[in-house]
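# Chains, contacts and geometry: an overview
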Amino acid sequence: SKLASDAFDSLPYHLHLPYVKAVVEMTSYTFSKKNVNPVAGGTCKQTLLKLMAHPMEAIRSHTYSTCLDVIKDALGISNITEPASTAHHKAMFVMQVDILYEITCFGMMDEHTEKSASEIVLYLLQSELLLPQSKWQQFLEVLVSVLPFLQMFSSTETELGKCILTLLNAEQ
């Protein structure tokens, strides 16, 4: 993770997009463990956040689309067939307050990343039946911190908007 962090500064020069995929997958792997090493977790998270907020559109877009691919793989419907599946652990990295905040506050507002960011949030909101109860509770606790921003997207026009409305009405 330290090496990935050190390589970040040269990314605008070489635009090696497989680096972005490697960082996302490394962050996913790091947070999928039961006991996350705080140093490795912090370094991975900070590097991913820098990629999500990168000034270059190509890097930002690739970061969000790679995160979406990891989330689709982790929370895809195909994982339901295996009751003991631990694939959902690969999605734990986006259930960090900082990362979910970045996705909802900036990713969903950026014209280049809004589609991927919105799909990430939609996958998370629809994952209740795919996650163990403890992981769903953990997600809801993180979600509370970004709920005011998510309310902006509540609507009867989009699938994400309907999902947010359902979530908001379920708590009443």
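Refer to the structure printed above.
Here we summarise the structure given alongside this text.

Reading the values: the criteria
- Residues numbered from 1 in each chain as written.
- Predicted model: local features only at pLDDT ≥ 70, side-chain atom pairs only at ≥ 80, totals over all residues.
- Heavy atoms only, no water.
- Helix = DSSP H or I, 4+ residues; strand = E, 2+ residues; numbered from the N terminus.
- Rg over C-alpha atoms; globule rule 2.2 N^0.38 Å.
- Buried < 20%, exposed > 50% of the residue type's maximum accessible area, 1.4 Å probe, protein only.
- Areas by Shrake-Rupley, 256 points an atom, 1.4 Å probe, with all protein chains shown as cover.
- Lys, Arg positive; Asp, Glu negative; His and termini not counted.
- Charge placed at Lys NZ, Arg CZ, Asp CG, Glu CD.
- Expected span 1.5 Å × (residues − 1).
- Contact = heavy atoms within 4.5 Å.
- Core = buried A, V, L, I, M, F, W, Y, C linked by side-chain atoms within 4.5 Å.
- Salt bridge = Lys/Arg side-chain N within 4 Å of Asp/Glu carboxyl O.
- Axes fitted to C-alpha atoms, helices over the stretch in contact; angles between N-to-C directions.
- Parallel < 35°, antiparallel > 145°, perpendicular 65-115°, else oblique.
- Left-handed = near helix turned anticlockwise from the far one by under 90°.
- Nonpolar A, V, L, I, M, F, W, Y, C, P; charged D, E, K, R; others polar.
- Disulfide = S-S within 2.5 Å.

## A look at the overall build of the protein
When you go through the protein residue by residue, the secondary structure sums to nine helices and zero strands. Listing the helices and strands of the protein from first to last along the sequence gives α-α-α-α-α-α-α-α-α. In terms of C-alpha radius of gyration, the protein reaches 16 Å, essentially the compact-globule figure of 16 Å for 172 residues. The C-alpha extent of the protein, read off along each of the three principal axes, is 50 × 35 × 25 Å. Expressed as a percentage of its 172 residues, the buried residues of the protein come to 45%. Summed over its atoms, the accessible surface of the protein is roughly 9200 Å², and 56% of this surface lies on carbon and sulfur atoms. Of the charged side chains in the protein, 12 are positive and 18 negative, and the gap between their average positions amounts to 7 Å.

## A short note on helix 5 (residues 57–75)
For helix 5, spanning 19 residues, the distance from its first C-alpha to its last is 27 Å, which sits close to the expected 27 Å at 1.5 Å a residue. All buried positions along helix 5 are accounted for by Ile-59, Arg-60, Ser-61, Thr-63, Tyr-64, Thr-66, Cys-67, Leu-68, Val-70, Ile-71, Ala-74 and Leu-75. Looking at the buried residues of helix 5, the elements they touch are helix 2 (11–14), helix 3 (17–32), helix 4 (38–52), helix 6 (97–105) and helix 7 (114–125).

## Points about the nonpolar core
Membership of the largest hydrophobic core comes to 40 residues, with the highest contact counts inside it found for Phe-93, Ile-103, Leu-125 and Leu-143. For this core, the secondary-structure elements that each account for two or more residues are helix 3, helix 4, helix 5, helix 6, helix 7, helix 8 (133–150) and helix 9 (159–170). Residues in contact with Ile-103, not counting those within four places in the same chain, are Met-52, Tyr-64, Val-94, Met-108, Ala-117, Ile-120 and Val-121. Of all hydrophobic cores here, the second largest spans eight residues; its members include Leu-11, Val-20, Val-23 and Leu-51.

## A short note on the pattern of salt bridges
Under the criterion given, the structure shown has six salt bridges. A salt bridge links Glu-119 to Lys-115; the shortest N-O distance between them is 2.8 Å. You can see Glu-119 and its partner Lys-115 sitting in helix 7, four residues apart, about one turn around the helix. A relative accessible area of 21% places Glu-119 in the partly exposed class. Where salt bridges share partners, they join Lys-72, Lys-115 and Glu-119 into one cluster.

## Quick notes on the environment of Phe-8
Tracing the backbone shows Phe-8 in the loop between helix 1 (2–7) and helix 2. Phe-8 gets classed as buried once you look at its relative accessible area, which sits at 11%. Spatially, the C-alpha atom of Phe-8 lies 9.8 Å from that of Leu-48, the residues being 40 residues apart in sequence. In contact with Phe-8, not counting residues within four places along its chain, are Tyr-19, Lys-50, Leu-51 and His-54.

## Some remarks on the packing of helix 6 against helix 8
A packed helix pair is summarised by two numbers, namely the angle formed by the two axes and the spacing between the axes. At a closest axis distance of 9 Å, the pairing of helix 6 and helix 8 adopts a crossing angle of 30°. Between helix 6 and helix 8, the angle falls in the class roughly parallel. Considering how the two elements wind past one another, helix 6 and helix 8 form a crossing that is right-handed. In contact with Val-97, Leu-100, Tyr-101, Thr-104 and Cys-105 of helix 6, helix 8 contributes Phe-139, Val-142, Leu-143, Ser-145, Val-146, Phe-149 and Leu-150. Here the residues of the contact of helix 6 with helix 8 are counted per class, giving 10 nonpolar, two polar and no charged.

## A word on the state of the cysteines
Taken as a whole and judged by the stated rule, the model has zero disulfides. With no disulfide of its own, Cys-67 lies 12 Å from the sulfur of Cys-44, the closest cysteine sulfur. Cys-163 takes part in no disulfide bond, and the closest cysteine sulfur to it belongs to Cys-105, at a distance of 18 Å.

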